[in-house]
Amino acid sequence: MKKLFSFLLFCAVCLTCTMASANVTVNDVPDEVMQEYKDSFIYDEDGVLVGAFIESLEDYLSSNEINDLFTSDVISTIADGSTDINVFQGYKPKPRGCKSNSRWICQVRGELQN
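These numbers were taken from a predicted model, which means no experiment stands behind them.

## Observations regarding the overall build of the chain
Looking only at helices and strands, one finds three helices and four strands in the chain. Taken from N to C terminus, the helices and strands of the chain fall in the order α-α-β-β-α-β-β. A burial count over the chain gives 32% of its 114 residues as buried. For the chain, restricting intrachain contacts to residue pairs at least 6 apart in sequence, the fraction spanning at least 24 positions comes to 46%. Element-wise, carbon and sulfur atoms account for 51% of the exposed surface of the chain, whose accessible area totals about 7500 Å².

Shown next, in the form of structure tokens:
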């Protein structure tokens, strides 16, 4: 139990640091652009964020910053605290995966198979 608590504390610290570093540049994004991003969120049947429209963010954030922002948003919706996700920029969510669409970002949980 002590190891689990230590691990969860470590994850919380990592997430806080990631979000703090992402917030430095996210503050430069106009409110209406951030709202458009948040309004586009697509969730799976478990309530986990699986995709978002990111085209409007590209004028304000780098590809890595968008990826970090989306990843922290995804992690905040995962009930078990799992960070085992695969993020694909330039893909839109579809049932059981992602399809190519340069205006979106998508994530798939778990281990990928070839």
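Picking up after the structure, the text goes on.
## Observations concerning the pairing of strand β4 (residues 97–109)
By the bridge criterion, three bridges tie strand β2 (residues 49–53) to β4 in an arrangement that is antiparallel. Residue pairing in the sheet places F53 in a bridge with W104 of β4. Two strands pair when backbone bridges link them, and strand β3 (residues 85–94) and β4 are joined in this way by nine bridges, in the antiparallel orientation. In the strand pairing of β4, K92 is matched with K99. Hairpin connection from β3 to β4: two residues lie between these consecutive antiparallel strands, with R96 at a positive phi of about 60°.

## With respect to the packing of aromatic side chains
By convention here, two paired aromatic rings are described through the distance between centres and the angle between planes. Per the stated rule, a full pass over the model turns up four aromatic pairs. Geometrically, the ring pair formed by F53 and W104 is edge-to-face, given 5.8 Å between the ring centres and 75° between the ring planes. Of the two residues, F53 is situated in strand β2 and W104 in strand β4; the sequence distance between them amounts to 51 residues. Of the two residues, F53 and W104, neither departs from the other in class, the shared state being buried. Relative to Y91, the ring of F88 has its centre 6.1 Å away and its plane inclined at 70°; by these criteria the two rings are edge-to-face. Judged by its relative accessible area of 27%, F88 is partly exposed. Taken together, the ring pairs connect Y37, F41 and Y43 into an aromatic cluster.

## Considering the state of the cysteines
Per the counting criterion, the structure on display carries one disulfide. Between the sulfur of C98 and that of C106 lies a disulfide, 1.9 Å long from S to S. Across the S-S bond linking C98 and C106, the dihedral sits near -75°, which makes this disulfide left-handed. Judged by its relative accessible area of 0%, C106 is buried.

## Details of the sheet that holds strand β1 (residues 42–43)
Sheets are built from strands paired through backbone hydrogen bonds, the pairs being either parallel or antiparallel. With antiparallel pairing, the four strands of this open sheet are ordered in space as β1-β2-β4-β3. At either margin of the open sheet sits one strand with a lone partner, and together these are β1 and β3. In the packing of helix α3 (residues 63–75) onto the sheet, the strands contacted are β2, β3 and β4, and the crossing angle to β3 comes to about 95°.

## Side note on the environment of E36
Along the polypeptide, E36 turns up in helix α2 (residues 31–39). Along the sequence, E36 and I54 sit 18 residues apart, while their C-alpha atoms lie 8.8 Å from each other. Setting aside anything within four residues of it in sequence, one finds E36 in contact with F53 and S56.

What counts as what
Residues numbered from 1 in each chain as written. Predicted model: local features only at pLDDT ≥ 70, side-chain atom pairs only at ≥ 80, totals over all residues. Heavy atoms only, no water. Helix = DSSP H or I, 4+ residues; strand = E, 2+ residues; numbered from the N terminus. Buried < 20%, exposed > 50% of the residue type's maximum accessible area, 1.4 Å probe, protein only. Contact = heavy atoms within 4.5 Å. Areas by Shrake-Rupley, 256 points an atom, 1.4 Å probe, with all protein chains shown as cover. Pairing = 2+ DSSP bridges. Phe/Tyr/Trp six-rings, centres within 6.5 Å; stacked < 30°, edge-to-face > 60°. Disulfide = S-S within 2.5 Å. Axes fitted to C-alpha atoms, helices over the stretch in contact; angles between N-to-C directions.

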